[in-house]
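Remarks on the overall topology
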Amino acid sequence: MESRVGVFRLLIAGMLVLIVGGVATTAWGLRRAATRAEPGPGPTPGAAAPGSPSASPAPPPFAGWSDPAGVGRPYGTKVQGLLTFRGNPTRTYYGQGPVPRTTPVARWQFPRSGGLCSMSSDKGETREWCGTGWTGQPAVFERDGRTWVVFGAYDRAIHFLDAATGERILPDFKTGDIIKGSVTVDPDGFPLVYSGSRDGFYRVIATDRAAPAELWKLAADAVKPTMWNDDWDGSGLIIDDYLLEGGENSQFHIVKLNRGYGADGKVTVAPKLVFNTPGWDDQLLKDAGDSNVSIENSVAVFRDTVYFANSGGLVQGWDLSGLRDGKAPVRTLRFWTGDDTDASIVVDADGFLYVGSEYEKGNARSRDVGQMLKLDPSKPDNPVVWAVKDTGQKPGGVWGTPALYRDIAVYDTAGGDVLGLDRASGAVRWRFHLAGGETWQSPVIIDDTLFMGDCTGVMHAYDVADTHAEPRPLWEYKIGGCIEATPAVWKGSLYFGTRAGAVHALAAG
């Protein structure tokens, strides 16, 4: 690996922190000379993008991969919708209001009867899987005067539904095994959907035909070496015609898509894998003590750096700035949490990383580092700004991706606790508990409203307008079946699935 990607800056962060108050103003990374302070400028994640009435001259267009001004905003301007897991390249856009502030009503259920179920094998065990689970967030978007809801499910299929009725717009796209992750809809307006499956492939699917059509697929064994298995849980990012995706083959991949249209007017792609690298190194294998180093989270991009973590607990940042000129990405951040880190990394407008890690192995590193962390990648030798522990039970820690809202970060734990943490200090401002044991869903916050599902099958809504006070319950709606999948919230409705077998739409009454 060293010879493929150049010289790694292997940085072992040994500083073990519980909670550190305050953050000093620092310089950003390799390419930013301006200083920053916490909390920084930028829109509140989850809020509608503000207008720009200022008469000052417009700043020059951002030249890098992911503009900091996009934190908390939709994924570009060409397609209106929630297009990928957590909405944008920094995983900080949660949808659009208005949201139901009083008990909603059921709009539809898909399917109307029966369930989205199939048999699937994992580590030698075969069992029935039903509905949608971690992460399972539907994509919701506007096209040709219609709102689409697109999601993969445990019935081995991707579904394309009308948001108003729950009826199919296109026939189902069948895969060879279950789909656990969230699809991505092309942000540049090409009629393309991107999705992985446990059948070993990550696919590019055209939606401008009478039936969805596979245009290309990447096999988990197309690169070497690989480790762990051939599933694809992560929701890929498309930026400037490049697809960025991590796999449970434990590799990170970059694909040049070469999107276009044929003579018949139908969308085309001519993908080429331009970079891949193992998400592990020898030090991680030694420290972790096993080969479970799969990349299950959805990669995040801020400025010119892509961030991801793996099941071995390795958090990494890779500099993409030279990729368009044919230069291989270079690793700039290496931090070991000590335990399985499947939650996606979230990046705020100042470039700080919010990381959720599990507590399964119970090793010394995991106990000391903590499970809810804020990292400063401009200090790779000691990136921990603050960390909060969740070691009261095993397994414990965090599966859901944290949400940022105003001056708090919201985490949920496998034990059912939901915490609001001060983004500057990491202090616990409030905490409440959900019934049903494991809470794997990622918190969603829009218009001062926090949505959380529990494993008894209840969707909850809370008022979080006062970020210093414990959230006030607004309503709860009993669906049935463990709610692992993250809801998509769009213009008055919630769309989400449960392990009972169906996907549901709830709307304001």
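Before reading further, recall that the structure is shown in the block above.
Residues numbered from 1 in each chain as written. Predicted model: local features only at pLDDT ≥ 70, side-chain atom pairs only at ≥ 80, totals over all residues. Heavy atoms only, no water.

1. Let's talk about the overall build of the protein
Scanning the protein from terminus to terminus reveals 3 helices and 42 strands. When contacts within the protein are restricted to residue pairs at least 6 apart in sequence, those whose partners lie at least 24 apart make up 58%. Accessible surface computed for the protein: about 17700 Å², of which carbon and sulfur atoms make up 51%. (Helix = DSSP H or I, 4+ residues; strand = E, 2+ residues; numbered from the N terminus. Contact = heavy atoms within 4.5 Å. Areas by Shrake-Rupley, 256 points an atom, 1.4 Å probe, with all protein chains shown as cover.)

2. Side note on the side chain of Arg143
Looking at where Arg143 falls in the secondary structure, it is placed in strand β8 (residues 139-143). The buried charged residue Arg143 lacks any salt bridge partner; its closest oppositely charged side chain belongs to Asp144, at an N-O distance of 5.4 Å. Not counting residues up to four positions away in its chain, the partners in contact with Arg143 are Trp148, Phe190, Pro191 and Thr207. (Buried < 20%, exposed > 50% of the residue type's maximum accessible area, 1.4 Å probe, protein only. Lys, Arg positive; Asp, Glu negative; His and termini not counted. Salt bridge = Lys/Arg side-chain N within 4 Å of Asp/Glu carboxyl O.)

3. Quick word on the side chain of Gln371
With respect to the helices and strands, the residue Gln371 is situated in the loop between α3 (364-369) and β29 (372-375). Gln371 gets classed as buried once you look at its relative accessible area, which sits at 0%. Within the structure, the side chain of Gln371 is placed 2.7 Å from the backbone nitrogen of Asp390, a separation counted as a polar contact. (Polar contact = N/O pair within 3.5 Å; in protein donor to acceptor, adjacent residues only side chain to side chain.)

4. Observations regarding the sheet that holds β29
Overall, antiparallel pairing links the 4 strands, which are arranged β26-β27-β29-β30 in an open sheet. Where the open sheet ends on each side, the last strands, each with one partner, are β26 (346-347) and β30 (384-388). Looking at chain direction, β29 and β30 are connected through 4 bridges and run antiparallel. Bridge pairing in β30 links Lys374 to Trp386. (Pairing = 2+ DSSP bridges.)

5. Section: unusual backbone geometry
Across the junction of Phe110 and Pro111, the peptide omega takes the value -5°, indicating a cis bond. Examined against the element boundaries, Pro111 turns out to sit in the loop between β5 (105-110) and β6 (117-122). With omega at -5°, the peptide bond leading from Lys224 into Pro225 counts as cis. Structurally, Pro225 is set in the loop between β15 (213-219) and β16 (237-239). The backbone of Arg303 shows a phi angle near 50°, a positive value even though the residue is not glycine.

6. Regarding the state of the cysteines
The tally for this structure, following the rule as stated, stands at 2 disulfides. Note that Cys117 is cross-linked by a disulfide to Cys130, the S-S spacing being 2.0 Å. Judged by the sign of its S-S torsion, about 120°, the bond between Cys117 and Cys130 is right-handed. With Cys117 in strand β6 and Cys130 in strand β7 (residues 125-130), this pair connects stretches of sequence that are 13 residues apart. Cys130 sits in the buried class, given a relative accessible area of 13%. Linked covalently through their sulfurs, Cys455 and Cys482 form a disulfide whose S-S length is 1.9 Å. Since a negative S-S torsion denotes a left-handed disulfide, the Cys455-Cys482 link at about -105° is left-handed. Placement of the pair is Cys455 in the loop between β37 (449-453) and β38 (458-463) and Cys482 in the loop between β39 (472-478) and β40 (488-490), with a sequence separation of 27 residues. When the cysteines engaged in disulfides are numbered in sequence order, the protein pairs them as 1-2, 3-4. (Disulfide = S-S within 2.5 Å.)

7. Digging into the pattern of salt bridges
In total, this model carries 30 salt bridges according to the counting rule given. In this structure, Asp208 and Arg209 form a salt bridge, with 2.4 Å as the shortest nitrogen-oxygen distance. Counted as one network, the salt bridges with shared partners bring together Asp122, Lys123, Lys180, Arg198, Asp231, Asp233 and Glu248.

8. Thoughts on the pairing of strand β23 (residues 305-308)
Burial of β23 is two-sided: the residues Thr305 and Tyr307 facing one way and the residues Val306 and Phe308 facing the other way are all buried. Across 3 bridges, the pairing between strand β22 (residues 300-302) and β23 is antiparallel. Pairing of Ala300 across the sheet is with Tyr307, part of β23. Counting the residues between successive antiparallel strands, the hairpin from β22 to β23 contains 2 residues, one of them, Arg303, with a positive phi of roughly 50°. The pairing of β23 with strand β24 (residues 314-319) spans 4 bridges and is antiparallel. Bridge pairing links Thr305 to Asp319 in β24.

9. A word on the packing of aromatic side chains
Here the structure, examined in full by the defined rule, presents 15 aromatic pairs. A ring pair is formed by Phe252 and Phe308, whose centres lie 5.0 Å apart and whose planes are at 25°; its orientation type is stacked. Pair noted here: Phe252 is in strand β18 (residues 251-256) and Phe308 is in strand β23, with a separation of 56 residues, a long-range link. The same class applies to Phe252 as to Phe308, namely buried. Through a chain of ring-to-ring contacts, the aromatic side chains of Phe252, Phe275, Phe308 and Trp318 assemble into a single cluster. Looking at Arg198, its charged tip hangs above the ring of Trp129, at a distance of 4.8 Å from the centre. (Phe/Tyr/Trp six-rings, centres within 6.5 Å; stacked < 30°, edge-to-face > 60°. Lys NZ or Arg CZ within 6 Å of the ring centre and 35° of its normal.)

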